[in-house]
Amino acid sequence: MTPPMTKAQRHIHDPSQLIATDGLLMIAATGKETADGYRCGLETWYLSPGQTDWQPGQCLLISKPDWVKEEIPSNGGAYWAPAFLSSRIMYYSVSGGEEVDAQCIGLATATGTAPDLSWTDSGEPITCTFNPESNNAINMPNSIDPAVFIDADGSQHLVYGGGRIWMTELDPVTGRQIEGNWWSKSDPTYHYLAKGPKSLEDPGETSWIEAPFIHNQEGYYYLFVNWFGCCNGVDSTYEIYMGRSNTRSGPYLDKEGVAMTDGGGSLLIEKDGRYIGPGHAAVFSEGGRDWFSYHYYDGNREGLPWVEVRRMEWEEGWPTVTEERFNSTAYFGQ
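Structural notes, computed from the coordinates.

Digging into the pattern of salt bridges
Part 1: Across all of its chains, the model carries 13 salt bridges by this definition.
Part 2: The salt bridge partner of R176 is E124, with a shortest N-O separation of 3.6 Å. One end of the pair, R176, is in the loop between β12 (164-170) and β13 (190-195); the other, E124, is in the loop between β8 (116-121) and β9 (127-130), and 52 residues separate them in sequence.
Part 3: Taking relative accessible area as the criterion, E124 reaches 43% and is therefore assigned partly exposed.
Part 4: Residue E286 pairs with R289 through a salt bridge whose shortest N-O separation is 3.1 Å.
Part 5: Given the relative accessible area of 15%, E286 is considered buried.

Structural data, given as structure tokens:
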């Protein structure tokens, strides 16, 4: 991938979790505006031995899949917030844009060896929702920001959403929803997990929530989410909140015992110096250590987003994000 920008202008938004493959570390990220010769629907970025920062990888989904043309024709060719189930299976979200309230989640798979993988879209969406912002009363989610995880029993799950957070099981063979169904409030294979807190600006409304991620640790499932607003550079208000449950379908409770379906959530990280608007949490575990990754808007680079990876430790059953930064030299054993 060679984006039409200088090295100083490089930026990464909505990063996936880190994943190890073929002697490298890989993330995927949201595509940028399709303009000025840039045509990447999604991007991959890599860390390899001898490197200390992320380098551009591949440009994915240059051609719009046929199902996107059919379901969300207003999409401009940039897709959001990819997530890896494995180094060869990726979920991503497709939005109708500011004027069209419609979203879907897609699936792409890869063959080959990193960093030269060959990615192919699956040909149809996993789930879609239309007009979710007109259906707050039934907690319809925006079908964005997928994250996926494999539970201890081997089952695979998709957690996703904007405005409201939901989870559903995936078929381990096809990668699709376990029953082949799109979201429906009455479908028992979909589980409602969280909504945002009460809005201080709009009484009776809830603040925005998105970018969920679930991590299983010593008998608890931890749900990380973003509250408030992204995508506004140094003026972004994103913060990462969390809750936990002893079952994957919830209820997820914060430290005060408030259910996340009632707007509960305990603060994990917020703005700190140059690290503004932390968002899109994920956890990468290696060598008995847990690392917490997220993007931030860099106050030292005019708000361009980048990726930060910090050591995550556990205190009395809850995670904390430390000041220790991920060291790629140590990871690759150099």
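Focus on unusual backbone geometry
Part 1: A cis amide bond links A114 with the next residue in sequence, P115, at an omega value of 10 degrees.
Part 2: Tracing the backbone shows P115 in the loop between β7 (102-113) and β8.
Part 3: Omega for the peptide link from G250 to P251 comes to 5 degrees, which places this bond in the cis form.
Part 4: Tracing the backbone shows P251 in the loop between β16 (239-245) and β17 (266-269).
Part 5: Positive phi outside glycine occurs at C231, with the angle close to 65 degrees.
Part 6: Position of C231 among the secondary structure elements: in the loop between β15 (220-227) and β16.
Part 7: The phi torsion at H280 lies on the positive side, around 60 degrees, for a residue other than glycine.
Part 8: For H280, the position within the fold is in strand β18 (residues 275-286).

A short note on the state of the cysteines
Part 1: Enumeration over the complete set of coordinates arrives at three disulfides.
Part 2: Across the disulfide from C104 sits C128; the S-S distance is 2.0 Å. On the S-S bond that ties C104 to C128, the torsion sits near 110 degrees, and the link is right-handed. Taken together, the positions of C104 in strand β7 and C128 in strand β9 put the pair 24 residues apart, joining distant regions of the chain. The pair C104 / C128 is uniform in exposure class, with both members buried.
Part 3: Bridging C230 to C231, the disulfide has an S-S length of 2.1 Å. What sets the handedness of the C230 and C231 disulfide is the S-S torsion sign, and at about -65 degrees it is left-handed.
Part 4: When its relative accessible area of 23% is taken as the criterion, C230 is described as partly exposed.
Part 5: Look at the protein and number its bonded cysteines as they come in the sequence; the links are 1-2, 3-4, 5-6.

Concerning the layout of surface pockets
Part 1: There is about 600 Å³ of room inside the largest pocket.
Part 2: Surrounding the largest pocket, 27 residues form its lining, W80, S95, G96, G97 and E98 being those nearest its centre.
Part 3: Here the residues of the lining of the largest pocket sort into eight nonpolar, 12 polar and seven charged.

Describing empty space enclosed by the protein
Part 1: With the rule as written, the count across this model stands at one cavity of 30 Å³ or more.
Part 2: Breaking the lining of the largest cavity down by element, the ones donating at least two residues are β5 (80-86), β14 (209-217) and β18.
Part 3: Here the lining of the largest cavity is composed, by residue class, of 11 nonpolar, three polar and two charged.

Here we look at the packing of aromatic side chains
Part 1: In total, this model carries 20 aromatic pairs according to the counting rule given.
Part 2: When the ring of W227 is compared with that of Y241, the centres are 3.7 Å apart and the planes differ by 15 degrees; the resulting orientation is stacked. With a gap of 14 residues between them, W227 in strand β15 and Y241 in strand β16 connect regions that are remote in the sequence.
Part 3: Note on Y241: relative accessible area 10%, which makes it buried.
Part 4: Three or more aromatic residues joined by ring pairs form one cluster here, namely F284, W291, F326, Y331 and F332.
Part 5: Its guanidinium or amino end placed over the ring of Y275, R274 lies 5.8 Å from that ring's centre, counting from NZ or CZ.
Part 6: One Lys or Arg, R311, reaches over the ring of W291 and ends 5.9 Å from the middle of that ring.

Quick look at the environment of P305
Part 1: In this structure, P305 sits in strand β20 (residues 305-315).
Part 2: Of the residues examined, P305 reaches a relative accessible area of 8% and is grouped as buried.
Part 3: Distance from P305 to I19, taken between C-alpha atoms, is 20 Å for residues 286 residues apart in sequence.
Part 4: Not counting the four nearest positions on each side in its chain, P305 is found in contact with H11, I12, H13, Y296 and Y297.

Conventions adopted
- Residues numbered from 1 in each chain as written.
- Predicted model: local features only at pLDDT ≥ 70, side-chain atom pairs only at ≥ 80, totals over all residues.
- Heavy atoms only, no water.
- Salt bridge = Lys/Arg side-chain N within 4 Å of Asp/Glu carboxyl O.
- Helix = DSSP H or I, 4+ residues; strand = E, 2+ residues; numbered from the N terminus.
- Buried < 20%, exposed > 50% of the residue type's maximum accessible area, 1.4 Å probe, protein only.
- Disulfide = S-S within 2.5 Å.
- 1 Å grid on protein atoms, 1.4 Å probe; cavity = no way out; pocket = protein on both sides within 12 Å on 5 of 7 lines; lining within 4 Å.
- Points joined across faces, edges and corners; volume = space filled by probe spheres on them.
- Nonpolar A, V, L, I, M, F, W, Y, C, P; charged D, E, K, R; others polar.
- Phe/Tyr/Trp six-rings, centres within 6.5 Å; stacked < 30°, edge-to-face > 60°.
- Lys NZ or Arg CZ within 6 Å of the ring centre and 35° of its normal.
- Contact = heavy atoms within 4.5 Å.

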